[in-house]
Amino acid sequence: MESQVKAALEATVDALTLNPGAAQVRQAVESELLEACEVRVRIGDWTVSVDEPPALGGSNRAPSPTQYALAALGSCQAVMYRLWAERLGLQVERLEVRVRGDLDVRGLLGLADEARSGFRSVEVEVAIDSPEPPQRLAELRRAVDRHCPVLDVFVAPVPVSTTLRMD
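Report follows, based on the coordinates. None of these values were measured; they are calculated from a predicted model. (Residues numbered from 1 in each chain as written. Predicted model: local features only at pLDDT ≥ 70, side-chain atom pairs only at ≥ 80, totals over all residues. Heavy atoms only, no water.)

Here's the deal with the environment of L70
Relative to the helices and strands, L70 resides in helix 2 (residues 65-88). Taking the C-alpha atoms as reference points, L70 and Q91, 21 residues apart in sequence, are found 26 Å from one another. Apart from the residues lying within four places of it in its own chain, the contact partners of L70 are V99, R100, G101, F119 and V122. (Helix = DSSP H or I, 4+ residues; strand = E, 2+ residues; numbered from the N terminus. Contact = heavy atoms within 4.5 Å.)

The following block contains the structure:
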């Protein structure tokens, strides 16, 4: 699998070197509220469900949006460790990522102006088995943290615009 990843990376890097404009990608999802707090999300050819726990009016049939946000961060970190290990020529035998986030639900319910609606803090813990020396793994961590797109969404302000269309 690693050679497949390396070959794909090399081909992509070569293509983007020749045509930097091809690096600009727009991704989109469509979400439809079904019943109570259950949402069907279409992501390209895939469909996933989102829900809330009963305390927030949901039926707990699927992960919540904030759980998906943590899952997106953890899975992006894992993928970036694979990609950057390949780019740096490092061997990784096993990798696990655990992500925890602290929420104050009063923020999303409008009960406390000082409470954020989103996470107050997020912790990412990466467990790695590798024969590489600690300084090389530190280099890997720096590369991943610098280039992980979902981590960037969590740590840097992103311009967001919202509109309300009346049908």
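Examining a nonpolar patch on the surface
There is a patch of nonpolar side chains on the surface, built from V122, V124, V153, F154, V155, V158 and V160 and spanning about 580 Å² of accessible area. Mapped by element, the contributors of at least two residues to the nonpolar patch are strand 5 (119-129) and helix 5 (149-155). Sort the elements by how many residues they give to the nonpolar patch and helix 5 lands first, with 3 residues. The residue V153 is located in helix 5 in this model. (Patch = residues over 30% accessible without salt bridge, like charges linked within 9 Å, V, L, I, M, F, W, Y side chains within 5 Å. Areas by Shrake-Rupley, 256 points an atom, 1.4 Å probe, with all protein chains shown as cover. Salt bridge = Lys/Arg side-chain N within 4 Å of Asp/Glu carboxyl O.)

Details of the sheet that holds strand 1 (residues 30-33)
On the basis of which strands lie adjacent, the open sheet formed by 3 strands has the order 1-2-3 and antiparallel pairing. Of all the strands in the sheet, just strand 1 and strand 3 (46-50) have a single pairing partner and so form its edges. Across this sheet, the average inter-strand angle for adjacent strands is 20°, counted without regard to direction. (Pairing = 2+ DSSP bridges. Axes fitted to C-alpha atoms, helices over the stretch in contact; angles between N-to-C directions.)

As for the packing of aromatic side chains
For the structure shown, the criterion picks out 1 aromatic pair. When the ring centre of W84 is taken as origin, the NZ or CZ atom of R87, which lies over that ring, is 5.0 Å away. (Phe/Tyr/Trp six-rings, centres within 6.5 Å; stacked < 30°, edge-to-face > 60°. Lys NZ or Arg CZ within 6 Å of the ring centre and 35° of its normal.)

What about unusual backbone geometry?
Glycine aside, a negative phi is what most residues show, and trans is what most peptide bonds show. The phi angle at A36 is positive, at roughly 45°, despite the residue not being glycine. Among the structural elements, A36 can be located in the loop between strand 1 and strand 2 (39-43). Residue A36 is classed as exposed on the basis of its relative accessible area of 57%. The backbone phi angle of N60 is positive, close to 60°, even though this residue is not glycine. Along the chain, N60 falls in the loop between strand 3 and helix 2. (Buried < 20%, exposed > 50% of the residue type's maximum accessible area, 1.4 Å probe, protein only.)

Examining the pairing of strand 1
Where strand 1 and strand 2 come together, 4 bridges link them in antiparallel fashion. Within strand 2, the residue paired with E32 across the bridge is R40.

Section: the layout of surface pockets
Left-over empty space is what a probe sized like a water molecule reveals as it rolls over the atoms. What the largest pocket holds in volume is close to 1,500 Å³. Residue lining of the largest pocket: 29 residues in total, with Q27, V29, A72, V150 and V153 positioned closest to the centre. Put simply, the parts of the chain that give the lining of the largest pocket at least two residues each are strand 2, strand 3, helix 2 and helix 5. With 9 residues, helix 2 is the single largest residue contributor to the lining of the largest pocket. In terms of residue class, the lining of the largest pocket is made up of 24 nonpolar, 4 polar and 1 charged. Its volume calculated, the second largest pocket comes out at about 230 Å³. If you go around the second largest pocket, the residues you meet are L9, T12, V13, L16, M80, L83, W84 and R87. Secondary-structure elements contributing two or more residues to the lining of the second largest pocket are helix 1 (2-18) and helix 2. (1 Å grid on protein atoms, 1.4 Å probe; cavity = no way out; pocket = protein on both sides within 12 Å on 5 of 7 lines; lining within 4 Å. Points joined across faces, edges and corners; volume = space filled by probe spheres on them. Nonpolar A, V, L, I, M, F, W, Y, C, P; charged D, E, K, R; others polar.)

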